[in-house]
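Close look at the chain arrangement
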Amino acid sequence: MSIAPRDSHEAQVQFALERGVPAIIGVLGTIMLPFPSGSFDMAHCSRCLIPWGGNDGIYMKEVDRVLRPGGYWILSGPPISWRNSYRAWQRPEDELEEEQRQIEDIAKLLCWEKRHEKGEIAIWRKRLNTDECTEQEAQSSTCDATNASDVWYKKMENCITPTKTNGSWKPFPERLNAIPSRITSGSVPGLSVEIFEDDNRSWKKHVNAYKRVNKIIDSGRYRNIMDMNAGLGSFAAAMDSPKLWVMNVVPTIAEKANLGVIFERGLIGIYHDWCEAFSTYPRTYDLIHANAVFSLYKNECGAEDILLEMDRILRPEGAVIIRDDVGVLMRVKRIVRGMRWKTRMVDNEDGPLVSEKVLFAVKRYWVAGDNSTSSL
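Residues numbered from 1 in each chain as written. Predicted model: local features only at pLDDT ≥ 70, side-chain atom pairs only at ≥ 80, totals over all residues. Heavy atoms only, no water.

1. Some points on the pattern of salt bridges
- Throughout the structure, instances matching the rule amount to 25 salt bridges.
- Taking the shortest distance from any N to any O, the salt bridge between arginine 91 and glutamate 99 comes out at 2.6 Å.
- With a relative accessible area of 24%, arginine 91 lands in the partly exposed category.
- One continuous salt-bridge network, built from bridges that share partners, spans Asp41, Arg68 and Arg175. (Salt bridge = Lys/Arg side-chain N within 4 Å of Asp/Glu carboxyl O. Buried < 20%, exposed > 50% of the residue type's maximum accessible area, 1.4 Å probe, protein only.)

As structure tokens, this is what we get:
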């Protein structure tokens with residue numbers, strides 16, 4: 001996933017999304033990144049001008065938190081290769097030398113192994129086990145690991161996150177449907193192998209039903225897809241195709257923090273509160289899937305607010321699939337008609353007697369003066 005600040009680098013996030021690459025607007029500041037610990041196989045930073053050695057290495061400690069055991073950190077650009085490039089960078093030698101020394105010292109404290117440095121690129125590898133680094137970690141405090149997934153609007157902590165190795169990850173795409181080690185090890189309370197497998201089967205059935213109604217899902221028309229209430233990521237796993245990618249959003253008020261499971265499956269995801277705007281530009285998603293989102297937020301914020309945010313991030317002629325109770329969907333349908341979405345409601349694939357229905361919608365391309373509304 002690409003992360004960049006808003007507009008300060010020529011709208012990199014918007015360019016990435018238009019190319020069909022996962023991206024969010026974000027910055028390393030004072031707040032934790034919206035990802036659980038041990039999420040990423042690799043973190044890469046190219047000329048991002050982050051003071052990695054400053055503030056006791058707090059930003060490197062945050063990278064360490066989101067890297068899985070054995071993951072890699074790649075840094076390219078200043079201060080790497082400062083001896084050869086300081087003139088081109090127009091910076092003093094001693095300043096760049098001190099900057100790299102600080103990075104090297106923090107990396108040793110984190111027990112990262114430096115694997116390679118050539119030109120302006122340096123590569124470190126995160127430790128596999130905390131037991132390998134007891135002496136170094138004694139010099140720095142250890143974070144409380146009881147709420148490792150509680151990161152929404154939480155300030156970064158100047159401490160080292162304990163590393164837990166639950167077993168090696170399988171290569172992708174095998175790991176997409178393999179039982180995640182977080183489930184087999186019991187790291188996520190209330191989740192079992194049986195629940196995971198049943199969830200997988202259910203979403204394969206749901207997605208097959210979606211494709212019977214929206215026949216262009218697999219055509220390549222939809223590249224950037226969002227699942228607003230991703231659960232275990234089984235919707236994205238069932239949608240798996242080289243023609244698309246899915247942003248799996250786990251609401252901050254969801255009953256279970258399953259985002260770690262989603263990352264272990266080799267999928268992309270993020271925490272978010274749907275009473276707020278999502279960290280992206282307008283018109284950046286081709287298809288949005290919302291499973292029980294409006295029921296989840298019925299006591300938190302208005303359906304109008306969530307629908308307007310969906311409309312903002314959905315491109316014209318993009319599609320929406322909303323799965324919820326029929327009473328909720330009837331209210332949603334009334335609202336989106338005023339937003340000029342084309343709609344069609346269908347029965348649950350298990351039959352018309354099931355109260356859960358599915359609303360399909362398309363955001364129309366319209367201009368001022370066009371007052372027509374219609375249904376699919």
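2. Examining the sheet that holds strand β13 (residues 356-363)
- Judged by pairing direction, the sheet is mixed, and its seven strands sit side by side in the order β9-β8-β7-β10-β11-β13-β12 without closing on themselves. For this open sheet the edge positions go to β9 (268-272) and β12 (341-347), each flanked by a neighbour on one side alone. Along the sheet, successive strands turn relative to each other by an average axial angle of 20°, direction set aside.
- Bridge analysis of strand β7 (residues 224-227) against strand β10 (residues 285-291) gives three bridges, and the strand direction is parallel. Bridging from a neighbouring strand, methionine 226 pairs with isoleucine 288 of β10.
- Packing against the sheet, helix α13 (residues 326-338) makes contact with β11 (314-325), β12 and β13, and its axis sits at approximately 155° to β11. (Pairing = 2+ DSSP bridges. Helix = DSSP H or I, 4+ residues; strand = E, 2+ residues; numbered from the N terminus. Axes fitted to C-alpha atoms, helices over the stretch in contact; angles between N-to-C directions. Contact = heavy atoms within 4.5 Å.)

3. A short note on the sheet that holds strand β6 (residues 121-125)
- Pairing within the open sheet is mixed, and its four strands lie in the order β3-β4-β6-β5. Two strands lie at the open edges of the sheet, namely β3 (40-46) and β5 (113-118), each paired on one side alone. Taken over all neighbouring pairs, the strand axes of this sheet differ in orientation by 15° on average, direction set aside.
- Bridge count for strand β4 (residues 67-76) against β6 is five bridges, and the pairing is antiparallel. For tyrosine 72, the partnering residue across the bridge sits in β6 and is arginine 125.
- The sheet contacts of helix α2 (residues 58-66) involve β3 and β4, and relative to β4 the element is tilted by about 135°.
- Strands β4, β5 and β6 of the sheet are contacted by helix α4 (residues 93-109), whose axis makes an angle of about 150° with β5.

4. Some details on the nonpolar core
- Residues Trp52, Trp73, Met226, Leu307, Met310 and Ile322 are the most contacted members of the largest nonpolar core, which totals 95 residues.
- Core analysis: the second largest hydrophobic core is formed by six residues, Ile183, Leu191, Phe196 and Leu232 among them. (Core = buried A, V, L, I, M, F, W, Y, C linked by side-chain atoms within 4.5 Å.)

5. Section: the environment of valine 250
- Inspection of the secondary structure puts valine 250 in strand β8 (residues 245-251).
- Relative accessible area serves as the criterion here: at 3%, valine 250 is assigned to the buried category.
- Along the sequence, valine 250 and tyrosine 271 sit 21 residues apart, while their C-alpha atoms lie 4.9 Å from each other.
- Apart from residues no more than four positions distant in its own chain, valine 250 is found in contact with Lys256, Leu259, Ile262, Ile270, Tyr271 and His272.

6. A few points about the state of the cysteines
- For the coordinates displayed, the defined rule picks out three disulfides.
- Covalent S-S linkage joins cysteine 45 and cysteine 48, the inter-sulfur distance amounting to 1.5 Å. Across the S-S bond linking cysteine 45 and cysteine 48, the dihedral sits near -45°, which makes this disulfide left-handed.
- Since its relative accessible area comes to 26%, cysteine 48 is described here as partly exposed.
- Paired by a disulfide, cysteine 143 and cysteine 159 hold their sulfur atoms 2.0 Å apart. Its torsion about the S-S bond being 105°, the disulfide of cysteine 143 and cysteine 159 is classed as right-handed. Here the residue cysteine 143 occupies a position in the loop between α5 (134-137) and α6 (174-177), and cysteine 159 occupies one in the loop between α5 and α6, the gap between them amounting to 16 residues.
- Given the relative accessible area of 13%, cysteine 143 is considered buried.
- For cysteine 159, a relative accessible area of 6% corresponds to the buried category. (Disulfide = S-S within 2.5 Å.)

7. Some thoughts on the pairing of β13
- Most of β13 is tucked away, with six of its eight residues classed as buried.
- The pairing of β11 with β13 spans seven bridges and is antiparallel. For isoleucine 321, the partnering residue across the bridge sits in β13 and is phenylalanine 360.
- Two elements, β12 and β13, share seven bridges in a ladder whose sense is antiparallel. Bridged to arginine 344 within β13 is phenylalanine 360.

8. Notes on the side chain of threonine 161
- Mapping threonine 161 onto the fold places it in the loop between α5 and α6.
- You can call threonine 161 buried: its relative accessible area is 11%.
- Residues contacting threonine 161, with those up to four places away along its chain left out, are Ser37, Asp64, Arg65, Arg127 and Cys143.

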